[in-house]
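# Close look at the chain arrangement
These are the residues of each chain, in order.
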Amino acid sequence: MDQRDETGTQGTPDALTLGRRVRHLRTARGLTLDALGRRVGVTPSVLSLVENGRREPRLALLRGIAEALDVTVADLLEAEPPSRRAALEIALDRAQRSAGFDRLSLPTVRPGRSLPLPILEQLVGLHAELARRDLESVATPEEARRANTQIRLERQQRDNHLPEIERLAESMARKAGYTSGALTHRTVTRMAEQLGFVIVYVDDLPSSTRTVTDLANGRIYLPPASAPGGHGLRSLTLQAIAHRVLGHERPSSYDEFLRQRMEITYFASCCLMPESAAVAHLAQHKREKDLAIEDLRDAFGVTHEAAAQRFTSLATHHLGIPVHFVRIGGDGAIYRAYANDGLPLPTDVTGAIEGQLVCRSWGVRRALTRRDRSSESYQYTDTPAGTFWCSTQTGSGTTGAMSLAVGVPFAHATWFRGRDTTDRHRSTCPDEGCCRRPRAAAAARWQDASWPSARIHQQVFSALPTGAFPGVDAREVYAFLDRHAPQAATGATDE
């Protein structure tokens, strides 16, 4: 909160620094928790929570504490710790609340007055060195893939439905004026304004970022629109907002970074296609046995992929339809996928699906061979796990051709447009003989008469940083913010 009107100061400390300042002033005056509690009119346990940074006091309690200690509220809200020892206690407390410390499974040390100062200094130094080594270390691609796989499996167990984020997103959209249909750019701007942010469009964003949020001055920097309409800039704005409303802090691991990315994407999707409106649309079309991703896409003014992924988060929970979603590149390799309907997605030895080739007989891959790619195609595929129906849309992206499909088990195809297709194919994958091995005649002819030169994927050699904001060039970001300081900016514009 901004305390400038009450205290004359700009900004407030975090709860831990505030608590240590209260403790410092209390002990300097020779007061016990009981004595201060009697003066303020609260129990000692409440004050203990405040002093340990586990409870943020309301303004009335803050005023009472300040009066009892004969200081101003501004004195309590100083951002700097009151003493070197207090700063060390805060540092140790923070270190022991970190995800890195949790992984060590060690008992915590209470940084109380009885802890000798040299030991306190040593503990803080050791934690700082551990943190430094974590930041300088790198995560292998295998570690990132394992983290991503774990997140996908957790989503699958929850039918890709996160009710807390659903409720929060819809509440914010409604509060900003959303009623029905597509979420307008103006409504998104109002959502940002309600959180104290203005939107500024610039053409010099750092190349390693999609957006930059200036927390100090309340600005969200976005790239200029590449084309009128669409949901790209709305989605980017909503994802930037999501970091704040979901209480994200700087990620300390690649797992945390990926979880945050999943949550902000989910939040943006919930805002662009609010649950109540989207479910009403889908339920009506299910009753008519005319479900189609293209209709959901057009009803809310989003991309086909956004509509397809949103369908996966609503179909099972609200409509009772198990579903899968697969996006592949032009080479047939999985870019993104989700399934809670039993579709046998190809995996590597770690359980990861990214980069794995889907069967040549699947509809999502066969669609890439069609001449007419302007409309959706439909297909039934017989697999060892059963028969699945899918609807596929092809297109092109920054990396070339792509294809994405939404599908369901045979019994649920009855609810969808395109269920009457006669296009049906058989897949025996993961059997190597299905589509991974060459024909015997071709192998016999060419195995000793050819020498293919393999294409190397350079990313397999790339280390993934585990520090804050993996992949972001901090130097570029800080230089960008310096260029766009408020005194040099001309103000926000609306898209």
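Our structure's up above, just so we're on the same page.
Okay, so let's go over this structure. (Residues numbered from 1 in each chain as written. Predicted model: local features only at pLDDT ≥ 70, side-chain atom pairs only at ≥ 80, totals over all residues. Heavy atoms only, no water.)

This part takes up the overall build of the protein chain. Across its full length, the protein chain holds 21 helices and 11 strands. C-alpha atoms of the protein chain, sized along the principal axes, occupy 90 × 55 × 45 Å. By the burial criterion, 44% of the 495 residues in the protein chain qualify as buried. Pairs at least 24 residues apart make up 63% of the contacts formed inside the protein chain by residues separated by at least 6 positions. As displayed, the protein chain offers around 26,300 Å² of accessible surface, 51% of which is attributable to carbon and sulfur atoms. Charge separation in the protein chain, taken as the distance between the mean sites of 62 positive and 58 negative side-chain charges, equals 3 Å. (Helix = DSSP H or I, 4+ residues; strand = E, 2+ residues; numbered from the N terminus. Buried < 20%, exposed > 50% of the residue type's maximum accessible area, 1.4 Å probe, protein only. Contact = heavy atoms within 4.5 Å. Areas by Shrake-Rupley, 256 points an atom, 1.4 Å probe, with all protein chains shown as cover. Lys, Arg positive; Asp, Glu negative; His and termini not counted. Charge placed at Lys NZ, Arg CZ, Asp CG, Glu CD.)

Another aspect to go through is empty space enclosed by the protein. In the structure shown here, the tally under the stated rule is three cavities of 30 Å³ or more. By volume, the largest cavity is sized at about 90 Å³. Lining the largest cavity, in full, are His324, Val326, Leu343, Trp362, Gly363, Val364, Thr381, Thr383, Phe388, Trp389, Cys390 and Ala405. The element best represented in the lining of the largest cavity is strand β8 (residues 386–397), accounting for three residues. Of the volumes computed, that of the second largest cavity is approximately 60 Å³. Around the second largest cavity, the lining residues are Leu291, Ala292, Ile293, Glu376, Tyr378, Trp389, Ser391, Val406, Phe416 and Arg417. Counted by class, the lining of the second largest cavity contains seven nonpolar, one polar and two charged residues. (1 Å grid on protein atoms, 1.4 Å probe; cavity = no way out; pocket = protein on both sides within 12 Å on 5 of 7 lines; lining within 4 Å. Points joined across faces, edges and corners; volume = space filled by probe spheres on them. Nonpolar A, V, L, I, M, F, W, Y, C, P; charged D, E, K, R; others polar.)

All right, on to the side chain of Glu354 then. Positionally, Glu354 belongs in the loop between β6 (334–339) and α18 (363–366). Buried Glu354, no salt bridge; nearest opposite-charge side chain is Arg152, N-O distance 4.9 Å. Apart from the residues within four sequence positions on either side, Glu354 is in contact with Arg145, Asn148, Ile334 and Tyr335. (Salt bridge = Lys/Arg side-chain N within 4 Å of Asp/Glu carboxyl O.)

Right, let's talk about a nonpolar patch on the surface for a bit. A cluster of nonpolar side chains, namely Leu104, Leu106 and Leu130, defines an oily patch on the protein surface of about 270 Å² accessible area. Take Leu130: it is sitting in helix α9 (residues 117–136). (Patch = residues over 30% accessible without salt bridge, like charges linked within 9 Å, V, L, I, M, F, W, Y side chains within 5 Å.)

Next up on the list: the pattern of salt bridges. With the rule as written, the count across this model stands at 23 salt bridges. In this structure, Arg145 engages Asp348 in a salt bridge whose closest nitrogen and oxygen atoms are separated by 2.4 Å. Taken together, the residues span a long stretch of sequence, with Arg145 in helix α10 (residues 141–157) and Asp348 in the loop between β6 and α18 at a distance of 203 residues. Look at Arg145 and you get partly exposed, because its relative accessible area is 24%.

Here we take up helix α5 (residues 59–68). Among all positions of α5, only Leu61, Leu62, Ile65, Ala66 and Ala68 are buried. Each buried residue of α5 lies within a common arc of 165° when the element is viewed along its axis, so the set occupies one face. Looking at α5, the residues exposed on the side facing more than 90 degrees away from the buried face are Ala60 and Glu67. For α5, the elements touching its buried residues are α2 (15–28), α3 (33–40), α4 (44–51) and α6 (73–76). Immediately beyond the C-terminal end of α5, within one or two residues, lies Asp70, with a positive phi of roughly 60°. (Arc of directions from axis to C-beta.)

Pro430 follows Cys429 through a cis peptide bond whose omega is 15°. At Asp70, a residue that is not glycine, the phi angle is positive and equals roughly 60°. If you trace the backbone, Asp70 turns up in the loop between α5 and α6.

A full pass over the atoms with the stated rule returns zero disulfides. Unpaired in this structure, Cys359 has its nearest cysteine sulfur neighbour in Cys434, at a distance of 3.6 Å. A relative accessible area of 3% places Cys359 in the buried class. Here Cys435 is not disulfide-linked; the sulfur of Cys429 is the nearest cysteine sulfur, at 3.5 Å. Relative accessible area serves as the criterion here: at 16%, Cys435 is assigned to the buried category. (Disulfide = S-S within 2.5 Å.)

Now for the pairing of strand β4 (residues 219–222). Remark: a regular strand shows side chains that alternate across the two faces of the sheet. Side-chain alternation along β4 places Arg219 and Tyr221 on one buried face and Ile220 and Leu222 on a second face that is also buried. When strand β2 (residues 198–201) meets β4, the two strands line up parallel, connected through four bridges. In the strand pairing of β4, Val200 is matched with Tyr221. Summarising the sheet, strand β3 (residues 212–214) and β4 pair through three bridges and their orientation is antiparallel. (Pairing = 2+ DSSP bridges.)

Moving on, we get to the environment of Arg297. Within the element layout of this structure, Arg297 appears in helix α16 (residues 293–300). Separated by 154 residues in the primary sequence, Arg297 and Glu143 place their C-alpha atoms 35 Å from one another. If near-sequence neighbours (up to four positions away) are discounted, Arg297 is found in contact with Val302, Thr303, His304 and Ala307. Only 3.1 Å separates the side chain of Arg297 from the side chain of His304, close enough to count as a polar contact. (Polar contact = N/O pair within 3.5 Å; in protein donor to acceptor, adjacent residues only side chain to side chain.)

Okay, the nonpolar core next. Judged by nonpolar contacts, the single largest core of 66 residues is most densely connected at Leu183, Met191, Leu238, Phe267 and Phe311. At 11 residues, helix α14 (residues 254–272) tops the list of elements feeding residues into this core. Those residues within four positions of Phe267 in sequence are excluded, and the remaining contacts are Ile165, Leu168, Ala169, Met172, Leu238, Ile241, Ala242, Val245 and Leu246. Judged by nonpolar contacts, the second largest core, of 20 residues, contains Leu25, Leu36, Ala66 and Ala68. (Core = buried A, V, L, I, M, F, W, Y, C linked by side-chain atoms within 4.5 Å.)

What follows concerns the packing of helix α15 (residues 275–287) against α16. Between two packed helices, what matters for the description is the angle formed by their axes and the separation of those axes. Relative to each other, α15 and α16 sit at 145°, their axes nearing to 11 Å. For the pair α15 and α16, the crossing hand works out as right-handed. Within the contact between the two elements, α15 uses Ala277, Ala278, His281, Leu282 and His285 and α16 uses Asp295, Leu296, Ala299 and Phe300. Taken together, the residues that form the contact of α15 with α16 break down as six nonpolar, two polar and one charged. (Axes fitted to C-alpha atoms, helices over the stretch in contact; angles between N-to-C directions. Left-handed = near helix turned anticlockwise from the far one by under 90°.)

Counting across every chain of the model gives six aromatic pairs. Residues Tyr221 and Phe480 carry aromatic rings whose centres are separated by 5.0 Å and whose planes lie at 85° to one another, so their mutual orientation is edge-to-face. Pair noted here: Tyr221 is in strand β4 and Phe480 is in helix α21 (residues 474–483), with a separation of 259 residues, a long-range link. When sorted by exposure, Tyr221 lands in the same class as Phe480, which is buried. An aromatic cluster is present here, built from Phe311, Tyr378, Trp389 and Phe416 joined pairwise through their rings. The ring of Trp415 has Lys286 sitting right over it, with the charged end atom 4.6 Å from the ring centre. The ring of Tyr335 carries Arg327 above its face, with NZ or CZ at 4.3 Å from the centroid. (Phe/Tyr/Trp six-rings, centres within 6.5 Å; stacked < 30°, edge-to-face > 60°. Lys NZ or Arg CZ within 6 Å of the ring centre and 35° of its normal.)

The analysis is restricted to geometry; functional conclusions fall outside its scope.
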